[in-house]
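For reference, the chains in residue letters:
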Amino acid sequence: MDLNQIYSNPGLEARRRALLGRLRSEPTLHNALEDSSSIAREIDLGFASFRKQKKTQLSRWISECAQTLDATQREAFRTLLMAMSPFTRMISQRKYIGGMSRLASFSSRWLRGPAGFSARSYSASRQFSELSRYLLARWPVPTFFDEAWTEHSTDTQREWFIHVGIGGNLRTATGLPFPLTKMMAHHALLAPDDVSIVGALRWGQVRALGGSDRLAHTLLNTRLREPQVAEPFWLSVLQFFIANPMLDPHQVGPIVDWIHNGRFVGEPQRIVDGIVRGGTIRQPNLSMKGRSVQSVLHQVERWH
């Protein structure tokens, strides 16, 4: 919505006035960002030159992000910024400028032009969430996928976002850290909003195998929130936890650490009688098959 335009439609005009009132009352907005024309000037300044020169904060952010794009993507970035100039909550934050540059890097996949975007929320994070789906999705995309457009995400994760957004099944997305069954993919898309993208995949894996929400939450507080070496082996670890639902959740983390240390981490080297000892992996063939909770807890206690 253009805040500088007076609409003949009473509903749109009422909405414009309400939004304008909220923006003017927002104490954190910079004076330079109070109207679309001043934002447009800063956007132009950001693209004017990549040489070091005196720039405002916003134009400096734009310049830094634009340098990571090719010519076509850069033009899409500029078009997107201009279209988003009325949404000052997004425009006034560095992370959303960066997010828009990453959206621009996928401009060849946009389903709609940014000029037609209209946010339903006053929250900057929700506005950006709506924007990413407006540009790249025909179907609902879970909230946790917003992470795909942050600074520390990867192009592979952005491809997953687009894949789900155009109606693809998550299990068929390329580059997944471990295979997903149909049921795992289903549960992954139902993961809590605040988990990471990989955490959502692990959530789906645990829930589809019969694990509880509590176990899934607990495992996401261990190293299993990230992809691991030998994922097929770690699948057997998940099955061990699921088969023992009465295990104290506080023991899950120590057990995971014990398993990782014993099967994948070499012992510290030391010199004994002039001979270098250690440096080897203690249990390279460690298996969870046939182990009881009591025996595992006993070994974890000895290890600690």
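Remember, it's a predicted structure, so these values are computed and weren't measured experimentally. Note that residues are indexed from 1 along each chain, following the sequence as it is written. pLDDT decides what is reported in this predicted model: residues at 70 or higher carry local features, side-chain atom pairs at 80 or more are listed and counted, and totals for whole chains, interfaces and linings draw on all residues regardless. The basis for the side-chain values is all heavy atoms of the structure; hydrogens and waters are excluded.

1. Brief notes about the pattern of salt bridges
Oppositely charged side chains are able to pair whenever their charged atoms sit close together.
Moving on, step 1. A side-chain nitrogen of Lys or Arg and a carboxyl oxygen of Asp or Glu constitute a salt bridge if their distance falls within 4 Å. What the rule picks out here adds up to 7 salt bridges.
Moving on, step 2. With a closest N to O distance of 3.9 Å, R94 and E64 form a salt bridge. Pair noted here: R94 is in helix 6 (residues 94-104) and E64 is in helix 3 (residues 57-66), with a separation of 30 residues, a long-range link.
Moving on, step 3. Burial status follows relative accessibility: with a 1.4 Å probe on protein chains alone, a residue under 20% of its type maximum counts as buried, one over 50% as exposed, and anything between as partly exposed. When its relative accessible area of 34% is taken as the criterion, R94 is described as partly exposed.
Moving on, step 4. The salt bridge involving R133 is made with D146; its shortest N-O contact spans 2.7 Å. Here R133, found in helix 7 (residues 124-136), pairs with D146, found in the loop between helix 7 and helix 8 (155-165); they are 13 residues apart in sequence, far enough to count as distant. We note that R133, like D146, is buried. Segments assigned H or I by DSSP are reported as helices when at least four residues long, segments assigned E as strands when at least two residues long, and all are numbered from the N terminus.

2. Considering the layout of surface pockets
Moving on, step 1. Two kinds of site are reported from a 1 Å grid over the protein atoms alone, namely cavities, where a 1.4 Å probe fits but cannot get out, and pockets, open sets with protein on both sides within 12 Å along at least five of seven lines, and residues are called lining when an atom falls within 4 Å of a point. Grid points are joined across faces, edges and corners, and a volume is the space filled by probe spheres set on the points. By volume, the largest pocket is sized at about 500 Å³.
Moving on, step 2. In terms of lining residues, the largest pocket is bounded by 25 residues, among which K95, R102, W149, T150 and E151 are the most central.
Moving on, step 3. Going through the elements one at a time, helix 3, helix 6 and helix 7 are the ones with two or more residues in the lining of the largest pocket.
Moving on, step 4. No other element matches helix 6, which puts 7 residues into the lining of the largest pocket.
Moving on, step 5. Here the nonpolar group is Ala, Val, Leu, Ile, Met, Phe, Trp, Tyr, Cys and Pro; Asp, Glu, Lys and Arg are the charged ones; every other residue, Gly included, is treated as polar. Across the lining of the largest pocket, the residue classes tally to 5 nonpolar, 11 polar and 9 charged.

3. Focus on the confidence of the model for the protein
Moving on, step 1. Per-residue confidence for the protein averages 89 on the pLDDT scale, and 87% of its residues sit at or above 70.
Moving on, step 2. Residue-level confidence of the predictor is summarised by pLDDT, bounded by 0 at the bottom and 100 at the top. Here a residue-residue contact requires only that any non-hydrogen atoms of the pair lie within 4.5 Å. The low-confidence segment residues 26-33, where pLDDT is below 50, has 15 contacts with residues more than four positions distant or belonging to other chains.

4. What to know about the packing of helix 4 (residues 71-84) against helix 6
Moving on, step 1. Every axis in this analysis is a line fitted to C-alpha atoms, fitted for helices over the stretch in contact. Angles between the N-to-C directions lie between 0 and 180 degrees. In the contact formed by helix 4 and helix 6, the axes pass within 8 Å of each other and the chain directions differ by 130 degrees. When the axes of helix 4 and helix 6 are compared, the pair comes out oblique. Between helix 4 and helix 6 lies a crossing whose hand is right-handed. Between helix 4 and helix 6, the contacting residues are Q73, A76, F77, L80, L81 and M84 on the first element and I97, M100, S101, L103 and A104 on the second.
Moving on, step 2. Its residues assigned to classes, the contact of helix 4 with helix 6 shows 9 nonpolar, 2 polar and no charged. Each angle gets one of four labels, with under 35 degrees taken as roughly parallel, over 145 as roughly antiparallel, 65 to 115 as roughly perpendicular, and the rest as oblique. Helix crossings get a hand from a simple test, with the near helix turned counterclockwise from the far one by less than a right angle marking a left-handed crossing and a clockwise turn marking a right-handed one.

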